[in-house]
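A structural walkthrough
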Amino acid sequence: MRPGLGWALLGSELLVLFRRLRTWAMLIALAAVPILIAVAVKLSSRPTAPGRGPLFLDRITQNGLFVAVTALVVCVPLFLPLTVGVVAGDTIAGEASLGTLRYLLLAPAGRIRLLLVKYAGAVAFCFAATATVAASGALAGFVLFPVGPVTLLSGDTISVGESAWRSLLIAAYITVSLLGLSAIGLLISTFTDVPVGAMAATIVLSVVSQVLDNLPQLEWLHPWLFSHHWLGFADLLRQPISWTSFGENALLQAGYMAVCGALAYAKFSNKDVLS
Amino acid sequence: MTRARRRWLPALLLPFALAIAVVFGAVQAGASVSLPPKSAEEIVAMIARTEVRALSGTVEQDAGLGLPELPASGQGAVPGAASALEFLTGSHTARVYVDGPLKARLQILDQMAERDVVINGGDAWFYNSQDNSATHLTVPAPEMPAQNIPTPEMPTQEIPTPEAMAGRFLAAIDAGTEVTVAEASSVAGQSVYSLLLNPRSTETLVDSVSIDVDSETGLPLRVEVRAKGQAEPAYSLAYTQLDLSRPDPALFAFTPPQGATVTEKVVPAKPDRPTPDGPPAPEAQATPGHGSPGDDSRSHGVTVTGHGWDSVIALPAGSAPAEFTSNPQLSQALQPVDGGRALTTSLLSVLILDDGRVYAGMVPLERLQSAAAAR
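About the criteria used
- Residues numbered from 1 in each chain as written.
- Chains lettered and ligands numbered in written order.
- Predicted model: local features only at pLDDT ≥ 70, side-chain atom pairs only at ≥ 80, totals over all residues.
- Heavy atoms only, no water.
- Core = buried A, V, L, I, M, F, W, Y, C linked by side-chain atoms within 4.5 Å.
- Buried < 20%, exposed > 50% of the residue type's maximum accessible area, 1.4 Å probe, protein only.
- Helix = DSSP H or I, 4+ residues; strand = E, 2+ residues; numbered from the N terminus.
- Contact = heavy atoms within 4.5 Å.
- Pairing = 2+ DSSP bridges.
- Axes fitted to C-alpha atoms, helices over the stretch in contact; angles between N-to-C directions.
- Buried area = accessible area lost by both parts, 1.4 Å probe.
- Salt bridge = Lys/Arg side-chain N within 4 Å of Asp/Glu carboxyl O.
- Polar contact = N/O pair within 3.5 Å; in protein donor to acceptor, adjacent residues only side chain to side chain.
- Nonpolar A, V, L, I, M, F, W, Y, C, P; charged D, E, K, R; others polar.

**Digging into the nonpolar core**
The biggest cluster of nonpolar side chains holds 75 residues, and the ones touching the most others in it are Ile60(A), Leu80(A), Phe125(A), Ile174(A), Leu178(A), Phe233(A) and Leu236(A). For this core, the element with the most residues is helix H6 (residues 111–144) of chain A, which contributes 11 residues. Apart from residues no more than four positions distant in its own chain, Leu236(A) is found in contact with Arg166(A), Leu169(A), Ile170(A), Tyr173(A), Ile241(A), Trp243(A) and Phe246(A). One finds Ile43(B), Ile108(B), Ala124(B) and Val206(B) within the second-largest nonpolar core, a separate group that totals 59 residues.

In structure tokens:
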């Protein structure tokens, strides 16, 4: 096996992923969320009462940079897991259903490498999706509203440059948050040849995890749910930044990646690829 | 077939290894540490001698008083009775920054929100990110020299730290309290001596209070209050992270953000408040806005009956805040009893009579009722 082969495979995987009409449709839908929020706030005559609606909705009129944060808060529970579930659930099952998995494995790529490349593709999509929401939000806010120093949750004010850095950190945080879900999608995808089934199962799991996270009776379970820290990115909007949730989140997602990855490898290496 | 089975091996071993790592980590965290033995008096003296004047840390508060969990109201920067009740349920995390006797900052980390208390000399700011409101309390300047400036009381008393809470319990140690030393452990990565206060009285709801003291600096790092007949601590306040270096001075300079609603309040010069002997109810520690102007007028006429742990604090008629009846969350937590309503928890009871008198104490409700009847 040549070492360059994995990179070539990754390159072609990314190319296929980001050339797909479906990927573009999902990214455009995600980009529309902040634009919708910004336009709705701009057109409404009444100012939003503080403390109502998603985080920072009332501050958007004062500072356009909050559009990105508000949009991310709106997207994290459903829209982002939805799109990530589609991409991650499609990884292996999609190839299997199209009958292309056989050809991918005919090339001397090895199953581990194929899994890794598929997972890397899903992770790349996680980042692309998060960055799309953040960038489109920043752009919509910049066009429609005045932009100035940003107020953090702690009441301190930071400059526009610093807020760009924090937005990047938030995008990184959310990408990390979605790693566990992507690994679950990859695992489910190795069990079936029906991509829609794997996608639906992944999305359902993300909803179930969030529902469980809201039941106080299951408090002992909460720290182990992959969605537990999803909204923890608010900690990056404090002064000074609280890194605790970033670290805990990364550790938790790494655990999910390891367990699901190992299971996916076991299943995939035993899988009979007939089609 | 064996080959297929071998492929499942890593998939099974990995979760197993992770589980072991998690269990091992949990055991490590709770492991006892060996420290040179110290007597209870030595530990108390160590707390009194502590020279920690600056710190930044994360404090976690857990209340398991048996009250239904209330949704965090978070409304209004200066907390009222409803938010005092909020701190008696569930768990809260806050970051604490202290620099010297006059500068402190408390950040209550709510989900997607934050409440801040910034104390800098004679200025105090309360900020609530949820409704973007700020309240500015100023203590008139002449009052500052009157207090002995080097006393560390000012911010650390206002900010609910394990240190402040331990101080109140230690101040209340008397003949009615048995003080022993428990096994040393570790809190926030520091090895700690553990001081155990056991009330000798059988009347009180308090089973024991444990105070964990940093073995190096003498700073109290964790306070746990156990209630009778309850395995889990009823109330605990502990550092989860602690750094004894000086925090960034910029943290104590607060300017309200643009667009925030700012309320200005001037605190009148405080008369020396009568301090009820006996340990105060935990809510007093947990209320960041304890120095609000309304307090002083209300604390006149406060009487304390009983002694030490089973003391009952009585407030005269008309002192019950209107919030007790108007706030639906609060009235839900109150149960009707003869002649009024009561809040009973595993650690403290509050009796609000229909004529407005309020009785409170870390005692069963019956004792409050008999104290009220004796009047």
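On we go.
**Overview of the sheet that holds strand E15 (residues 335–337) of chain B**
All names here are of chain B. Pairing is antiparallel across the open sheet formed by six strands, whose spatial order is E13-E14-E18-E17-E16-E15. In this open sheet, the two edge strands, each paired with only one partner strand, are strand E13 (303–305) and E15. Strand-to-strand twist of the sheet, defined as the mean angle between neighbouring strand axes without regard to direction, takes the value 25°. Sheet analysis places strand E17 (residues 349–353) next to strand E18 (residues 358–361), joined by four bridges and oriented antiparallel. Looking at the pairing, Leu351 lines up with Tyr359 of E18.

**Section: the interface of chain A and chain B**
Facing the 33 residues of chain A at the interface are 32 residues of chain B. It is Leu153(A), Arg238(A) and Asn270(A) that lose the most area in chain A upon contact with chain B, and together they represent 19% of the buried surface on that side. Linking chain A with chain B are two salt bridges. With a closest N to O distance of 2.8 Å, Glu114(B) and Arg238(A) form a salt bridge. For the pair chain A and chain B, the interface holds nine residue pairs in polar contact (both at pLDDT 80 or more). When residues of the side of chain A that touches chain B are assigned to their parent elements, the largest contribution, 11 residues, is made by helix H10 (residues 244–270) of chain A. Of the residues that constitute the side of chain A that touches chain B, the class distribution is 17 nonpolar, 12 polar and four charged.

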